[in-house]
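Results of the structural survey
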Amino acid sequence: MLLYYPQFCMASAGATIILMIMYFMKRNYSMRSNRIFFVMLVDNLLASLVNITTFYVISFPYKYQSWIRYACNEVYLFLYNIMAVLFLLYVDSKTKIRSIKKLVSFFATIIMVYDGLLIFTTHYTKLLLYFDDKLEYHHGPLMISLYVTAFIAVSSADVLILAKRKMFNFYQVFTINLFAIGVFIAVIFQVLHPKYVISNFVVAMVLFFLYTAFENQAYYLHGDTPCYNRRAFIKTIDWYKKREEKYLLAIIKIGDFENIKHSLGRIGVDDLAERIAEMISRRFGKSAYYVDINGFVVIEDDPGKAFELVRNIKECFVNSINLEFDEEIIPVNIEPVITIVKVNGKNIEGYEMCEIVQKADDNLTVGTEIIVRDADELIKPVRREKEILRLVDSAIKEKGFQVFYQPIYDVKAGSFTCAEALVRLHDDELGFVSPEEFIPISEKNGRIIDIGDYVFRNVCSFIKNNNITSIGVHYIEINLSPEQCKKVELADQLIQIAIEYGVDFRQINLEITETAQMENYGMVSMNEIITMLHNKGITFSLDDFGSGFAAIDYLIKLPVDIVKIDKGILWQAMKDEKSMTILKNTIRMIKEVGKKIVVEGIETKEMADILIEHGCDYLQGYLYSKPVPESEYLEFLKKNNSNCSLQI
Ligand code: C2E
Ligand code: CA
Ligand code: CA
């Protein structure tokens, strides 16, 4: 008769096999944690099977030789105890506390070596177990130490998860703790009912919990498709980086995306993206990724296979994709735009590659020739932008910007009655960074409001502290970014600041620029802002006139006082007759609608003479002065405004 009931072990083996099948049926994104999870499954299956064998051997000891009896017990003990160590490593791979990673591995190794030595020498030492004269099984004096090492491993895992509990949801933290609680209950139960060996079964149940709490691979898949998502992509690229491997990346974009988006709508585009994700993952398996709303990627390990890669991708898109709309099937033809990038893995991080994918827009695979782009080149502007943004952030925090002033010559007064405030950014390493570079980056990343606020305050304080009227300056021009003008609150904020510094509103002129993105909504808010500030006495200039395409529209719709003709227009006019005719007529037109004119970019006396002859009111340019720091500007005024006439 059996001394132990093997049913629980059988159930454990069965449950573990089911779990293994589930694990394999679902697509896995291979990571250290799920590799450890898989080893835990194998371990529990083997432990359950060996345990069943051990029951037979212990129950019918006379049938088996001594070494078989010991071997079965030893192997079982090892498999069972190693589970605690695997669990610790598993939790460590989830919590990812880098600073203690080595310590945890060392700790796990020590426990494993201690357990292993003790277990596999026990047939000599009898320290863990032995068989008496009647061949009955007994625990040895050090058996308890195995419980202790297992307890230490499991409770260390608990400490790790509790330290990082914010990274996990309640269910996940509960599941990890369940492991310790479950094993503890199993041990107590075992002592009370030695015949029912439930420990493997308890482990199998806890593995089920772990599977549902952590090994949920949907986390790495795009929606309901088998295609890997952005998270998986970042991990993969980082993995290539670690291994310093070279590979190819095919970035696939939907051609004419804006139009397709317009005609399908948001939901239609999502459907389409899912269908494409499905399609490419069917063709390229685990190498296919959905990274961005319009950015699919296929990774090819062999850098020499660019041509094949492109051909295979194009084949995927030969047939139209049928989308379902209100039970109607609409076929959509997609022209894939493919960018092939060769990557030297060790240079590029996962999140950087996402930006390369997002920015890629060139179709270089037309015909048979394929132009392969180099990731090292593509990443340069991305890194530069990051660097500039860091610089801008620290300048915002530490008030590291400077405001320079470029004097503007007032033709009628013969002196410099106004100036343009221009922001400056300097870094010890990068040197002088042009606003042409950092302003657009700041606009794109939501930093322009802070910069605008800084410049406005700085100018207000300059106006107040230097009593500019006394040195012949009527007003200072301050650039407003179109991003600032999208917020109607801007007007109130500026009024508040001007009041705070005690500045006369008439001493401020705001420069606004036309932009292509300024839709109707933007125009309405801009109009509102201008009207509110105008009522207070602040004047407005329309900057960069002639450089864009909505200029005339702005001139008609917005109540601006001054128009600033773009320096590009002037420079072009100095080169050819036609452009000169356009410039002259532009000046005439602006004068006829009653606006004052500033022309910027005056670099030569010849330019100044022509513009004065045609009736421009103000001239701004290097001929008079470059933008200079506050103190130099004051010096300049002292020298040039004292007699209120300029000699050049
Ligand atoms: P912008 O508003 O058109 O400013 C005029 C730019 O032309 C300035 O460049 C100025 O230095 C330059 N400039 C003036 N006269 C001459 C000339 O004779 N020759 C040449 N080669 N250049 C001349 P800067 O300071 O580099 O500013 C570039 C742009 O950055 C500005 O163009 C403006 O759009 C933006 N910006 C500068 N400061 C601010 C600011 O405080 N806020 C905002 N939103 N944008 C700013
Ligand atoms: Ca300007
Ligand atoms: Ca300008």
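Our structure's up above, just so we're on the same page.
Let me begin by describing the structure that accompanies this report.

Scoring rules and cut-offs
Residues numbered from 1 in each chain as written. Chains lettered and ligands numbered in written order. Predicted model: local features only at pLDDT ≥ 70, side-chain atom pairs only at ≥ 80, totals over all residues. Heavy atoms only, no water. Donors = N, O, S within 2.8 Å, 3.2 Å for Na, K, Ca; no water. Helix = DSSP H or I, 4+ residues; strand = E, 2+ residues; numbered from the N terminus. Buried < 20%, exposed > 50% of the residue type's maximum accessible area, 1.4 Å probe, protein only. Axes fitted to C-alpha atoms, helices over the stretch in contact; angles between N-to-C directions. Parallel < 35°, antiparallel > 145°, perpendicular 65-115°, else oblique. Left-handed = near helix turned anticlockwise from the far one by under 90°. Contact = heavy atoms within 4.5 Å. Nonpolar A, V, L, I, M, F, W, Y, C, P; charged D, E, K, R; others polar. Near = heavy atom within 4 Å. Polar contact = N/O pair within 3.5 Å; in protein donor to acceptor, adjacent residues only side chain to side chain. Areas by Shrake-Rupley, 256 points an atom, 1.4 Å probe, with all protein chains shown as cover.

This part is about the coordination of the calcium ion (ligand 3). Bound to the calcium ion (ligand 3) on the protein side are D543 (OD), D544 (OD), E600 (OE) and E600 (OE), at distances that span 2.2 to 2.5 Å. Positions of the donor residues of the calcium ion (ligand 3), expressed as sequence spacing, correspond to D-D-x55-E. Taken as a pair, the calcium ion (ligand 3) and the calcium ion (ligand 2) show a spacing of 3.9 Å, with D543 coordinating each metal. You can see D543 sitting in strand 15 (residues 539-545) and its partner E600 sitting in strand 17 (residues 596-600), a full 57 residues away along the chain. The two residues D543 and E600 agree in class, both being buried.

Here we come to the packing of helix 3 (residues 66-95) against helix 6 (residues 143-163). Where helix 3 contacts helix 6, the two axes come as close as 8 Å, and the packing angle between them is 15°. Put simply, helix 3 runs roughly parallel to helix 6. By crossing handedness, the relation of helix 3 to helix 6 is classed as left-handed. Of the residues in helix 6, those touching helix 3 at L77, N81, A84, V85, F87, L88, V91, D92 and T95 are M143, L146, A150, A153, V154, S156, A157, L160 and I161. Its residues placed into classes, the contact of helix 3 with helix 6 shows 14 nonpolar, three polar and one charged.

Another aspect to go through is the site of ligand 1. Near ligand 1 you find 22 residues, and of these R424, D543, K567, E603 and Y622 are the closest. Between ligand 1 and Q406 there is a distance of 3.1 Å, counted from a nitrogen atom to a side-chain nitrogen or oxygen. Between R424 and ligand 1, the recorded distance is 2.8 Å, taken from a side-chain N or O atom to an oxygen atom. Expressed as a share of its isolated accessible area of 790 Å², the protein-covered part of ligand 1 is 88%. For the shell around ligand 1, the secondary-structure elements that each account for two or more residues are strand 11 (415-427), helix 14 (435-444), strand 15 and helix 20 (567-573).

Around the calcium ion (ligand 2), the protein supplies E420 (OE), N479 (OD1), E511 (OE) and D543 (OD) as donor atoms, at distances of 2.0 to 2.3 Å. For E420, a relative accessible area of 4% gives the class buried. Of the residues examined, N479 reaches a relative accessible area of 30% and is grouped as partly exposed.

Nothing here speaks to function; it is all geometry.
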